[in-house]
Each structure stands twice: as C-alpha cells, then as structure tokens.
Amino acid sequence: GSGFESKVVSGVNQDGGGIILSSRSLILRNGGIISVNNEGTGQAGAIAIFARGVWLDRSSRISATTLSGEGGDVRLRVGALVLTNTSNITTEAG
C-alpha cells in the first residue's frame, strides 16, 4: 500500500520527523501506512491526526516506533475511528 513515512535509518544519531494530518476524513486501505520510525539513537517523531472520521481497512496501519530513543507518540483527535480486517494502530519504544 501507499502512505506517509518519516524514517531515520540505523547508525544515525538524529531525531525523527513528525507527521501531522488534518482532514475531514482519512481512509487507509490495502496495506496503507502512516508511520514514524527511528532505527538510530534519537527520538522518534510523533503522528497527530485531526479528522471527523478515520477508517483503516485491509491490513492498514498507523505506527510509531523507536529503537532506543524516546517518543513514538500517536495522537488522534477524531469523531469516529474504525479498524477492520487486521488493521491496527501501534507504538513501540526500545
């Protein structure tokens, strides 16, 4: 699927960037992703989504991951949130 991603690769000591989305509705399908990921030693960025409705379908995901730093927040301000068919929202800090 397609989507938005902010990533810092392994071996880099730098903070990751964040993703902010504001929309009437957000639909992710067929493995679509919104992701912040820091595989280095810095902080992961954050994801903030502001929408009336967010729909994730068919293995789509929103994720924030950091290998060894802090951060990796997912903030949702939505009217409706629907996850179907193995879609998920995850955070992980190492």
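As shown above, the structure is provided for reference.
Right, let's walk through the structure included here. (Residues numbered from 1 in each chain as written. Predicted model: local features only at pLDDT ≥ 70, side-chain atom pairs only at ≥ 80, totals over all residues. Heavy atoms only, no water.)

Considerations on the overall build of the protein chain
Across its full length, the protein chain carries zero helices and seven strands. Moving toward the C terminus, one meets the helices and strands of the protein chain in the order β-β-β-β-β-β-β. The C-alpha radius of gyration of the protein chain comes to 13 Å, within 12% of the 12 Å expected for a compact globule of 94 residues. Each principal axis of the C-alpha atoms in the protein chain carries an extent, and together these give about 35 × 20 × 20 Å. (Helix = DSSP H or I, 4+ residues; strand = E, 2+ residues; numbered from the N terminus. Rg over C-alpha atoms; globule rule 2.2 N^0.38 Å.)

Some points on unusual backbone geometry
In this structure, Asn30 takes a positive phi of about 50 degrees despite not being glycine. Secondary-structure assignment places Asn30 in the loop between β2 (19-28) and β3 (33-38). The partly exposed category is assigned to Asn30, whose relative accessible area is 47%. Even without a glycine there, the phi angle at Ser59 is positive, about 65 degrees. Looking at where Ser59 falls in the secondary structure, it is placed in the loop between β4 (47-56) and β5 (61-66). With relative accessibility at 42%, the residue Ser59 sits in the partly exposed group. (Buried < 20%, exposed > 50% of the residue type's maximum accessible area, 1.4 Å probe, protein only.)

Comments concerning the sheet that holds β3
Taken together, four strands build an open sheet; the order of strands is β1-β3-β5-β7 and the sheet is parallel. The open sheet terminates on both sides in strands that have one partner only, identified here as β1 (3-8) and β7 (88-93). Put simply, the sheet's adjacent strands are angled 0 degrees from each other on average, direction ignored. Bridging between β1 and β3 involves six bridges; their strand directions are parallel. Across the sheet, the residue bridging to Phe4 is Ile34, located in β3. (Pairing = 2+ DSSP bridges. Axes fitted to C-alpha atoms, helices over the stretch in contact; angles between N-to-C directions.)

A closer look at the sheet that holds β4
Ordered in space as β2-β4-β6, the three strands form an open sheet in which the pairing is parallel. Here the strands that pair on one side only, and so sit at the sheet edges, are β2 and β6 (74-83). Pairwise comparison of adjacent strand axes, ignoring direction, gives a mean angle of 0 degrees for this sheet. Where β2 and β4 come together, nine bridges link them in parallel fashion. Looking across to β4, one finds that Leu26 is bridged to Val54.

Considerations on the pairing of β3
Here β3 lies mainly inside the structure; six of its six residues are buried. Because side chains alternate across β3, one face comprises the buried residues Ile33, Ser35 and Asn37, and the other comprises Ile34, Val36 and Asn38, equally buried. The sheet contact formed by β3 and β5 spans six bridges and is parallel. Across the sheet, the residue bridging to Asn37 is Thr65, located in β5.

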